[in-house]
Amino acid sequence: MTVLRPEGAEAPEPPPEERKSRWNAADLRRRALVGAIVVWAVAITALVAVRGGGDDGVPAGAAPSAAPSASDGPLTVAQIYQTLTPSVVLVETTGHDSGNRAEAGTGTGVIANADGTVLTALHVVDGAESIRLTYADGTKAEAQLRSEDPARDIATLTPRALPQTLVPAVLGGAARVGDDVVAIGNPLGLTFSTTSGVVSGLAREMKGDDGEPDIEGLIQFDAAVNPGNSGGPLINDRGQVIGIVIALANPSGAGTFIGIGFAVPIGAALGGSGEGDGQSPPL
C-alpha cells in the first residue's frame, strides 16, 4: 500500500517493531497437530509390520492352522475340549461272535499323525470285520487295522478317507499324581463327551482276562469313563495327550465307572517306555 505524504517531506522513522515470539499460538497448535499425525502414522506402520501380511492383504495371524500346539499355560476344561475335539474320532465296528451272531461295538480314537493315522485301544477293533470312523466335522470313513500291540492293548488304524481339515493331536507330556486331566470320548454312544479329574496314581497294573497279558505301568485317573471311552485320549492341562484310555475298574464286574480308570502312557502307546516328547509318532 502506498502512503501519501506532503511532497518533500521526509518519511518519518518507522516505529520500533514489537518483538514477536518465535512461535505464536497458531504455529504451536499446527505443529502439535502435525506431530500427533506423525506419531499415529508410525504406530500404525509398526503394528502392520509386527503382524505381517501376505500378498492378498490378509494378516498372517488371521490364517487358520490345522495343527494345534501345546499351550504355554494351563487351559480350562472348555478350552481343552475345543482344542482337542477335532482330533478325536468315533470308532464303530461290526462283526460276528463265536456263535456267528452279528455284533457291533463303539469306541474312541485320536488322530496321531499328519497322515491321518488313528491311535485307539486294541480291544475296540479286535476281531472286527468292518471299522468305520466318524470325525468331529461329521466326515465318515472306513478304516483298516494297521498295527496292534496286545501287550499294551493298543492299535493303530489307517482311514481310507480324511476330513477336509485334519487336526493331529499333540502327543507327549509327563503325568504326575494330582495333575488335572480331561478325557474325551463316546461313552455309551454319547458322542464327543468330556469329563475331567486328576491323576490318581502311576505305574498301576491291570490283570488280563481269559489268558490276556497283564498290562503294567498304567496311569490311574478319576475322570469319568464308561464303555465307549476306550481308545480315547487322556489330556493334561496343556492340551497334550498323555495317555490312551483302555479300562475302568469295578469290583462288581459291571462295566460302569466307580472312580477308577486306566490309561496307557502315551510313550508306551507309541511303542516306547517313556512319556513321549510331544512329537508325531513314528507310525
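Residues numbered from 1 in each chain as written. Predicted model: local features only at pLDDT ≥ 70, side-chain atom pairs only at ≥ 80, totals over all residues. Heavy atoms only, no water.

A. Focus on the environment of Ile219. As for its placement among the helices and strands, Ile219 is situated in strand S9 (residues 215–221). Taking the C-alpha atoms as reference points, Ile219 and Ile242, 23 residues apart in sequence, are found 9.2 Å from one another. In this structure Ile219 touches Ala175, Val199, Gly201, Leu202, Leu234, Ile242, Gly261, Phe262, Ala263 and Pro265, once residues within four positions along its chain are discounted. (Helix = DSSP H or I, 4+ residues; strand = E, 2+ residues; numbered from the N terminus. Contact = heavy atoms within 4.5 Å.)

B. Focus on the nonpolar core. Counting residues in each nonpolar core, the largest one holds 41 residues, and the members touching the most others are Val91, Leu119, Leu133, Leu157, Val241, Ile244 and Ile246. If we ignore the near neighbours within four places in the chain, the residues touching Val241 are Leu84, Val110, Ala169, Val170, Leu171, Gly172, Pro233, Leu234, Ile235 and Ile266. Grouped together as the second largest cluster of nonpolar side chains are 13 residues, Val181, Ala183, Val199 and Ile219 included. (Core = buried A, V, L, I, M, F, W, Y, C linked by side-chain atoms within 4.5 Å. Buried < 20%, exposed > 50% of the residue type's maximum accessible area, 1.4 Å probe, protein only.)

C. How the structure looks around the pairing of strand S4 (residues 130–135). Alignment of strand S1 (residues 88–96) against S4, held across six bridges, turns out to be antiparallel. Counterpart to Val89 in the pairing with S4 is Tyr135. With four bridges connecting them, S4 and strand S5 (residues 140–149) associate as antiparallel partners. Along S5, the bridge assignment pairs Arg132 with Glu142. Counting the residues between successive antiparallel strands, the hairpin from S4 to S5 contains four residues, one of them, Gly138, with a positive phi of roughly 95 degrees. (Pairing = 2+ DSSP bridges.)

D. Region of the structure containing the sheet that holds strand S10 (residues 233–236). One closed barrel accounts for six strands, arranged S7-S8-S9-S12-S11-S10; its pairing is antiparallel. Here the average twist between neighbouring strands, direction ignored, is 45 degrees. Pairing between strand S7 (residues 180–185) and S10: three bridges, direction antiparallel. Residue Ala183 lies in a different strand from S10, and its bridge partner there is Leu234. With respect to the sheet, helix H2 (residues 77–84) is in contact with S7, strand S8 (193–206), S10 and strand S11 (241–248), its orientation differing from that of S7 by roughly 40 degrees. (Axes fitted to C-alpha atoms, helices over the stretch in contact; angles between N-to-C directions.)

E. Inspection of the sheet that holds S4 at higher detail. The strand order around the closed barrel formed by six strands is S1-S2-S3-S6-S5-S4, and the pairing between neighbours is antiparallel. Neighbouring strand axes in the sheet, compared pairwise and without regard to direction, differ in orientation by 40 degrees on average.

F. Just the pattern of salt bridges, in detail. Enumeration according to the criterion identifies eight salt bridges in this entry. When the shortest N-O distance is used, the salt bridge between Arg132 and Glu92 registers 3.2 Å. Within this pair, whereas Arg132 is found in strand S4, its partner Glu92 is found in strand S1, the two being separated by 40 residues in sequence. Taking the relative accessible area as the measure of exposure, Glu92 reaches 26% and is therefore partly exposed. Where Asp149 meets Arg152, a salt bridge forms, and the shortest distance between an N and an O atom there is 3.1 Å. Judged by relative accessible area, Arg152 falls into the partly exposed class, the value being 26%. Each of the salt bridges in this network shares a partner with another, and the network as a whole consists of Glu205, Lys207 and Asp214. (Salt bridge = Lys/Arg side-chain N within 4 Å of Asp/Glu carboxyl O.)

G. Broad picture of the layout of surface pockets. By volume, the largest pocket is sized at about 1000 Å³. What lines the largest pocket is a set of 39 residues, and nearest its centre among them are His123, Asp153, Glu212, Ser230 and Ile246. Broken down by secondary-structure element, the contributors of at least two residues to the lining of the largest pocket are S1, strand S2 (102–111), helix H3 (122–125), S8 and S11. Per-element tally for the lining of the largest pocket: the top contributor is S2, with five residues. Counted by class, the lining of the largest pocket contains 16 nonpolar, 15 polar and eight charged residues. (1 Å grid on protein atoms, 1.4 Å probe; cavity = no way out; pocket = protein on both sides within 12 Å on 5 of 7 lines; lining within 4 Å. Points joined across faces, edges and corners; volume = space filled by probe spheres on them. Nonpolar A, V, L, I, M, F, W, Y, C, P; charged D, E, K, R; others polar.)

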